[in-house]
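As a plain string of letters, each chain reads:
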Amino acid sequence: MASWNPRIVTATSWLFPIVTAVLGVYAATRASTTAFALLVAAAGLAIASLIDVATSNSGNRFTTGLAVAAAIPFVFSGVDGVDTAGTLCAYGLGLSAVWVLRFSRGEEHDVLLPTLTRRFGGYVAYGLVYSAMRVGVFSDLSGGWEDLLPFAVALVAWLIVEVVLRALLILGPRELSRNYLARAILHDLNVFMGLVLTGALFGELFIEIGWWAAPIALLPYSFAHSAFKRFQETKVTYKQTIRALARIPEVSGLAIDGHADRTTSIAASIAKEMGLGPSQVEDVEYAGLMHDIGRVSLNEPNIIRMGYTDDDIARWSAEIIAESPYLERVADDVRHQYDPFRKPGEQDDPDISIISRIIKVAAAYDWKVHQESLSPLQALEALHAGAAYDYDPEVVASLRRLLEGRGVLMPVRA
Amino acid sequence: MTLNSDKPVRRRGRLHPSVQRKLRIAVPYYTLGLIALVSAFFIFDPPEWRLWIPFAVLYVILEVFSVEVNDRLFQSSSIMVIMTAGVVAAVEQGSDATFAMALIAAAGSAVIADFKERRWFQPMANFGQLVLSATVAGVLLDLNLGQVSSLQTRDLIRVAVASSLAALAYVTINSILVRKAVKTVYGNENLQPWSQMNVLFSGQVLMGLIGGLLGAAYVITDRPAVLVLIVGVYGIGHMSLYAFSQLRESHLSAIRGFVKTLEAKDMYTRGHTERVAYFAQMIGEELGFTGTQQETVKWAALIHDLGKLAVPTELIRKKGRLDDNEYAEMKAHAHLVEEILAEVDFLQPMVDIASGHHSHYDGNGYGGRGHTEGQTPSLEACIVAVADAFDAMTSARSYRMALSQQYALGELRKHSGAQFHPDVVDAFEKALNKTGRRWGAPHVNDEEMARRLAEEPELTLRG
């Protein structure tokens, strides 16, 4: 949202709870469900939306609210169809309350507006499609397999709306391309499905056995919840461990301080800007952290005597990485990090992956800025000079866009 | 949980001891399982096909995707499936949970077996232990739920109690039998087989309870749609186990990889860290350490020399004595481990231990956070210190040959109460005697001889 005028963002953001609340109240007047039940559903959605389950790499927050939202149309449906107005009322009032609660916790407008708008869009699409299908073909709930068809179709509608709205709304950090976002959604599908399935289970059971459904659905839900929490922790602590280990050459004075960390953050930004998927961005991060780990070998007496080249360091780094089960997949990328993008008179070398090319540019940039004390603009010019031979021109162009977006470079004037 | 073993070693003539050990487990397990299955067939009513075949298929699928949650221990969420089937069978008219569950377990263990690799031990033992566990759980379900004619929502509490009991029985029998098998077949080599047993145990019981309740929910609502969603829940159970194994695996593999790097620099310390971790766990077991304590000691041992990665290799490999400057640089590795791992929150307790492993019992020595001048370091640090010293003595160094175990133990005892913690030394000695394995070169009984042997390779030993 950063590219939008902050005043417009703030104003629109303030409108969000008002619009959703008005919509909710209007829907309530036309709902067949009792006002009390509507309030309970809206409050449940609001409270559940404050329980964080997981935050994906791309910054997508998953909360218990997804499970509650998935259950609401089931709960508001009788034998003769769904209370569409009631469903929309619960979504509107619920998200209006979520806005108020999250705003009072001090969240910024440029985060609140896109995330909640996107959620609201997804919920409404889900509720409408589910109701429409129940009104039409699947009007009587026999309890058979076909009962799940409206749910499945509604779920697809939900996902599509979410993807589209995310791509439209989060233009903010320029590095996040739309391609990356679309892949990120698929990447997080297991979290999404885990939450939504337990919600639907609750709904299906609620139709028949009422509130007894709560304890039955809550148990598997708690399992899903703890599993995702654990995935999250794993990722965080694993990255911590790798970052710590990456500092070994720096701690022992064999590499310049902070080089691995800075290279990694530049490389990851370039990767996102170029539209690589989340798992490839992760690989870029690991490759960046580990790209100079081979420098630990510079302690060896015969290496000190004989001398070494950059290529030796790449080789040693790759050898070390190949020993670690989870990092081995980036060993080849690290092995080729110093190889020129294209040798004179030859085609592109297919051995040199996009990850190696990104690392090469990011490491060179950081080296020029922090070791050779060039200004960002001078460093970029040096990279431009080597583009198409040493460096992949596309990666260099991406770095330029990135630096321009961050305002580090003075834009070149004609 | 199921066993996953290596291929048996075959030799002509007499059976290899490892095969004999496997037979001692496989034959009685298999026989008992068979007896349970056959008696279930005669005593209980056979279940309808729809009450067990679909569940057996799901059971097999989940077993195929079982994840390694601890060394050689595979778990899956299949207990959910078998409990759902059990509860459904128990409350349906004209069928019993016992036979249905025994059938599912039998079918499951038969299909998962990897016959292509000619493994015989694993499928036989798993068949026995799974069928036995399933039968007992089924009997419990039948006893508690068999009389319920038509299930109502108010019976849900009864179902919850019954499935908890049945799941508890299933998991208990299952883990006792698997533990017994592992102890017999792998012997003492596999110390403290499963440190996280308690967490995994309660997780499995909870999964069983969920499975049972879902079965009841299906019967009450009588909606096939619910059944589809239940299959989704099985997937969630699988994901939670997978997350558990990832958590454990990822850190271990990262640390282990780096330890290998450290050791690759110096052929004399190759395998040192793994051995120190092994000794430290042996001592921990002798001192009655439990799951997490053991895990902490193991990790501390694995990282205890990480700081050495940053110490010039010359020093590590240097023959002869180090001068004061070099010694100071060498000492720094105890601090460096703190600096390197400063940002890894979950490793901090282990870092404290690791940085104290050169601290002495009487308060001398050196070290980082884990060392305070004049104070006895933590028991864990003392354990790592003893394990480290023992392995340093019983393995070859650039300047001397490996010393004998006898000599090394003598040295530990000599400095016990000053450099080493006396209780730890005692515990280590006991533990070593239990394993019966000898470390170090058998006859090298003094330091001087070890040094001379390294300098003059043509010198040979007789004795």
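Rules used throughout
Residues numbered from 1 in each chain as written. Chains lettered and ligands numbered in written order. Predicted model: local features only at pLDDT ≥ 70, side-chain atom pairs only at ≥ 80, totals over all residues. Helix = DSSP H or I, 4+ residues; strand = E, 2+ residues; numbered from the N terminus. Buried ≥ 20, exposed ≤ 12 C-beta atoms within 10 Å, placed from the backbone. Contact = placed C-beta atoms within 7 Å. Core = buried A, V, L, I, M, F, W, Y, C linked by C-beta atoms within 7 Å. pLDDT = per-residue confidence, 0-100. Axes fitted to C-alpha atoms, helices over the stretch in contact; angles between N-to-C directions. Parallel < 35°, antiparallel > 145°, perpendicular 65-115°, else oblique. Left-handed = near helix turned anticlockwise from the far one by under 90°. Nonpolar A, V, L, I, M, F, W, Y, C, P; charged D, E, K, R; others polar. Expected span 1.5 Å × (residues − 1).

## Comments concerning the overall build of chain B
Here's step 1: Scanning chain B from terminus to terminus reveals 18 helices and three strands.
Here's step 2: By residue count, 50% of the 463 residues in chain B fall in the buried class.

## A short note on the overall build of chain A
Here's step 1: When its secondary structure is counted, chain A shows 18 helices and four strands.
Here's step 2: A total of 414 residues make up chain A; the buried ones form 48% of that total.
Here's step 3: Residue pairs in contact within chain A that sit at least 24 positions apart in sequence constitute 68% of those at least 6 positions apart.

## Overview of the environment of Arg369(B)
Residue and element names in this part refer to chain B.
Here's step 1: Turning to its location among the elements, arginine 369 is positioned in the loop between α14 (348-354) and α15 (379-394).
Here's step 2: For arginine 369, a count of 16 C-beta atoms within 10 Å puts it in the partly exposed group.
Here's step 3: Spatially, the C-alpha atoms of arginine 369 and glutamate 338 are 8.0 Å apart, while their sequence positions differ by 31 residues.
Here's step 4: Discounting residues that sit within four places of it in the chain, arginine 369 has contacts with Glu338, Asp352 and Ser355.

## Let's talk about the environment of Ile248(A)
Here's step 1: Tracing the sequence through the fold places Ile248(A) in helix α10 (residues 248-251).
Here's step 2: Along the chain, Ile248(A) and Val330(A) lie 82 residues apart, while their C-alpha atoms are 19 Å from each other.

## A few points about the nonpolar core
Here's step 1: Within the largest apolar cluster, 160 residues are counted, with the highest numbers of intra-cluster contacts made by Ala85(B), Ala102(B) and Ile104(B).
Here's step 2: Broken down by element, this core gets its largest block of residues, 14 residues, from helix α5 (residues 121-145) of chain B.
Here's step 3: Apart from the residues within four sequence positions on either side, Ala85(B) is in contact with Leu51(B), Trp52(B), Phe55(B), Ala100(B), Met101(B), Ile104(B) and Gly215(B).
Here's step 4: Leu289(A), Ile321(A), Ala362(A) and Ala379(A) belong to the second largest nonpolar core, which has 104 residues in total.

## Overview of the confidence of the model for chain B
Residue and element names in this part refer to chain B.
Here's step 1: Summing up the model confidence of chain B, the mean pLDDT is 79 and the portion of residues at 70 or higher is 81%.
Here's step 2: Per-element confidence in chain B ranges from a low mean pLDDT of 56 for strand β1 (residues 2-3) to a high of 91 for helix α3 (residues 78-91).
Here's step 3: In the predicted structure, residues 6-11 sits below a pLDDT of 50 and forms 11 contacts with residues beyond four places in sequence or in another chain.
Here's step 4: In this model, residues 189-193 is a region of pLDDT below 50 whose contacts with residues beyond four sequence positions or in other chains number 11 contacts.
Here's step 5: Scored by ipTM, the complex comes to 0.71, with pTM at 0.72.

## Observations concerning the packing of helix α3 (residues 65-75) of chain A against helix α8 (residues 189-209) of chain A
Residues and elements named next belong to chain A.
Here's step 1: Interaxial distance between α3 and α8 falls to 7 Å at its minimum, and their mutual angle equals 30 degrees. When the interaxial angle is binned, α3 and α8 end up roughly parallel. In terms of crossing hand, the pair formed by α3 and α8 is right-handed. Side by side, α3 and α8 meet where Leu66, Ala67, Val68, Ala69, Ala70, Ala71, Phe74 and Val75 of the first sit next to Phe192, Leu195, Val196, Thr198, Gly199, Ala200, Phe202, Gly203, Glu204, Phe206 and Ile207 of the second.
Here's step 2: Looking at the contact of α3 with α8 residue by residue, the class counts come to 15 nonpolar, three polar and one charged.

## Let's talk about the packing of helix α4 (residues 84-104) of chain A against helix α5 (residues 109-135) of chain A
All names here are of chain A.
Here's step 1: Close contact between α4 and α5 brings their axes to 10 Å; oriented N to C, the two are set at 165 degrees. Between α4 and α5, the interaxial angle falls into the category roughly antiparallel. Considering how the two elements wind past one another, α4 and α5 form a crossing that is right-handed. Facing Thr84, Thr87, Leu88, Tyr91, Leu95, Val98, Trp99, Arg102 and Phe103 of α4, the residues of α5 in contact are Leu112, Leu116, Arg119, Phe120, Tyr123, Val124, Gly127 and Ser131.
Here's step 2: Taken together, the residues of the contact of α4 with α5 break down into 11 nonpolar, four polar and two charged.

## Quick word on unusual backbone geometry
Residue and element names in this part refer to chain A.
Here's step 1: Look at serine 373: it is not a glycine, yet its phi comes out positive at around 55 degrees.
Here's step 2: Counting through the fold element by element, serine 373 comes out in the loop between α16 (354-370) and α17 (376-386).
Here's step 3: Taking the number of C-beta atoms within 10 Å as the measure of exposure, serine 373 has 9 and is therefore exposed.

## A short note on helix α6 (residues 148-169) of chain A
Here's step 1: For α6(A), which comprises 22 residues, the first-to-last C-alpha distance of 31 Å matches the rise-based estimate of 32 Å (1.5 Å per residue) to within 8%.
Here's step 2: By the burial criterion, the buried members of α6(A) are Leu148(A), Pro150(A), Phe151(A), Ala154(A), Leu155(A), Ala157(A), Trp158(A), Val161(A), Glu162(A) and Arg166(A).

## Regarding helix α11 (residues 259-273) of chain A
Residues and elements named next belong to chain A.
Here's step 1: Counted at 1.5 Å a residue, the expected span for α11 with its 15 residues is 21 Å, and the 21 Å between its end C-alpha atoms agrees.
Here's step 2: By the criterion of burial, α11 is predominantly enclosed, with 12 of the 15 residues buried.
Here's step 3: When we look at burial in α11, the residues that qualify are His259, Ala260, Thr263, Thr264, Ile266, Ala267, Ala268, Ser269, Ile270, Ala271, Lys272 and Glu273.
Here's step 4: At the C-terminal side of α11, glycine 275 shows a positive phi close to 85 degrees.

## Section: the confidence of the model for chain A
Here's step 1: Across chain A, the average pLDDT comes to 82, with 85% of residues at or above 70.
Here's step 2: Within chain A, no element has a lower average pLDDT than helix α7 (residues 178-187) of chain A, which sits at 64, and none a higher one than α4(A), at 92.

## Some words on the environment of Ala332(B)
Residues and elements named next belong to chain B.
Here's step 1: Following the sequence through the fold, alanine 332 ends up in the loop between α12 (324-331) and α13 (333-340).
Here's step 2: A count of 18 C-beta atoms within 10 Å places alanine 332 in the partly exposed class.
Here's step 3: Separated by 15 residues in the primary sequence, alanine 332 and leucine 347 place their C-alpha atoms 19 Å from one another.

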